[in-house]
Amino acid sequence: MNFVSTRGSEVDSFLKAFNKGLAEDGGLFLPESFPNLSDRFDSLAELTYPELVAEFMHLFAPEISKDEWSALAKKSYSEFSAQDTVNLHQLRSTPSRDLYVLELFHGPTRAFKDFALQLVGSLYERESKVNNSTYTIVGATSGDTGSAAIYGVIQNPSVKIFIMYPDGKIAHEQELQITTTGSSNVFPIAIEGTFDDAQRIVKELFSDTAFSKQIHIAAVNSINIARILAQSVYYLYIYLKLRKGDQENLANQVDSVEENVLSGQMNKVRFIIPTGNFGNILSGWILNRMGIECDFVFATNENNVLDVLWKTGIYAKKGAVSTHAPSMDIQQASNFERMLYFMYGENPEKVKEILGTFNAESAVSIDLSLIPKNITSHSVSDLEIEQSIKDCFDKYGYVIDPHTACAYASVSDGESGVGSSSEIEYMDVILATASPAKFPEIVEKCTGQKPIDPAIEQLKERKKVYVKKEAKTEAIKGYIEECLGFKDMGCF
Ligand SMILES: *Cc1c(COP(=O)(O)O)cnc(C)c1O
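Predicted, not measured: the structure shown is a model, and the values here were computed from it.

Undergrad: Which residues make up the site of the ligand, and what values go with them?
TA: Around the ligand lies a shell of 15 residues, among which Lys113, Asp144, Gly276, Asn277 and Thr433 are the nearest. With respect to the ligand, the side chain of Asp144 contributes an N or O atom lying 2.5 Å from an oxygen atom. Thr433 is positioned such that a nitrogen or oxygen atom in its side chain is 2.8 Å from a nitrogen atom of the ligand. Burial of the ligand by the protein amounts to 98% of the accessible area it has alone, namely 380 Å². Partitioned by chemical class, the residues of the shell around the ligand number 5 nonpolar, 8 polar and 2 charged.

Undergrad: Now, about the nonpolar core: what can you tell me, with residues and values included?
TA: Grouped together as the largest cluster of nonpolar side chains are 109 residues, with contacts concentrated most on Phe14, Trp69, Tyr234, Phe271, Phe278 and Phe336. Broken down by element, the residue count for this core peaks at 14 residues, all from helix 10 (residues 225-252). Of the domains in this structure, domain 1 (85-111 + 231-447) and domain 2 (114-223 + 455-483) are the two that each give at least three residues to this core. Aside from chain neighbours lying at most four places away, what touches Tyr234 is Tyr49, Val86, Leu102, Leu104, Phe112, Phe115, Asn280 and Leu431. Val101, Ala111, Ile400 and Ile442 belong to the second-largest nonpolar core, a separate cluster that totals 30 residues.

Undergrad: Give a detailed account of the domain arrangement of the protein chain, specifying residues and quantitative values.
TA: Taken domain by domain, the protein chain consists of domain 1 (85-111 + 231-447) and domain 2 (114-223 + 455-483). Counting the surface lost from both domain 1 and domain 2, the interface buries some 2200 Å², and carbon and sulfur atoms represent 51% of this. Among the residues of domain 1 in contact with domain 2, Pro108, Thr109 and Lys438 are the three that bury the most area, contributing 25% of the side total. If you look at where domain 1 meets domain 2, you find 1 salt bridge. Here Lys438 ties to Asp144 by a salt bridge, and the two come within 2.7 Å at their closest N and O atoms. Breaking the side of domain 1 that touches domain 2 down by element, the ones donating at least two residues are helix 10, helix 14 (336-343) and helix 18 (440-447).

Definitions and cut-offs
Residues numbered from 1 in each chain as written. Predicted model: local features only at pLDDT ≥ 70, side-chain atom pairs only at ≥ 80, totals over all residues. Heavy atoms only, no water. Near = heavy atom within 4 Å. Polar contact = N/O pair within 3.5 Å; in protein donor to acceptor, adjacent residues only side chain to side chain. Areas by Shrake-Rupley, 256 points an atom, 1.4 Å probe, with all protein chains shown as cover. Nonpolar A, V, L, I, M, F, W, Y, C, P; charged D, E, K, R; others polar. Core = buried A, V, L, I, M, F, W, Y, C linked by side-chain atoms within 4.5 Å. Buried < 20%, exposed > 50% of the residue type's maximum accessible area, 1.4 Å probe, protein only. Helix = DSSP H or I, 4+ residues; strand = E, 2+ residues; numbered from the N terminus. Domains from an automatic or database assignment. Contact = heavy atoms within 4.5 Å. Buried area = accessible area lost by both parts, 1.4 Å probe. Salt bridge = Lys/Arg side-chain N within 4 Å of Asp/Glu carboxyl O.

What follows is the structure, given as structure tokens:
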């Protein structure tokens, strides 16, 4: 299958798009087409999680055989502790408003990023074998991508990984996961700046063609299309499960007077997604092009550039502030470029024009009618995060992390936020993107209980290894060159 860049160029396979990360024109790759799955729902609903991953990825990457995809998927999800890889927890059951939490934090680093990055790690391992080459992964993290990417390639001798994170702005537990691996192919860099600075440096290093060729640079940020597609699978998996359950309910309740039952229609699935870089929600939303009908709500924290855009049509640059949900302390969501591409009818010239104005003038206005009708938005203050963690614990005895709390806050705020004027019967699914044990202080403050995960506890005994650097592209480039031996100065 061809993969097109949001800025106009294209490549003729998934693996080429995967290996490039960022397109040469600076744009982000997307599949040229999205196969419709609606006549296969029943059979797909029978698959295990790794089997569904293999089916799904093979649609876009037939250059890797189905058998090989099966092996890659099986290996990638083998360390997940939930029986179904994901875990769907029902908080509330009412005839018209079921409320679920989709736990996506049972992977090695206890955040949803493991879903994509375990698979990406396996893909890099495959590629380095097939092409007999080595890779240098360069990535930026607001907390969870870095550790998930590192755990995806740990002990893989053909990959070196450099991860930048904003110094002092990520949770202590997140920093431990990034800095304590003791693995000689891992190079953590604490940047004196914000995540947006780190992300900018990554983009600049990728655009430096000579350098990126020399080090065989590789992407783990959600600019990489492999991450977006890998994440689509859990939306599909849960959609198919809920659809199946709903059909069984319908069959059992033919006498019910519930309108939705009489009309024989499935309640609509609505996903509520804590959002930073807009990657997770994009992964779900593209399924609309594959025959899946569902709605979406994205929840930002106080870094609300996208929420403001959704409500006013003004897309304006703002600096990021630190919040209780650090993995979402992002104001320039790189994946929003993919959304712009769809909003403007897959026209790369329009994308370039909008981004050109945005970069030159720090703001651009976007026609509100282009914003997809099935995505609504919400932004959540730190105070509301605290109230939500407490509320969810008091009402349901269920502990959520501060990112998941942003989504939770967006559901309970029924009046102004989600679904106020709608007649639709929803099954609401909150995406739980991290384990509460990654953010014990704030969770303990709100619930009186400290969430503990032995896997995280044992990191506290280990030695932290990292370097501190200015948020300057040249400084990072020099450091990478030193570590790779292009300059003989030694790293640590
Ligand atoms: C990365 C992250 C998010 C934001 O996801 P995006 O794909 O960047 O929108 C939300 N919650 C947690 C815990 C994360 O690690």
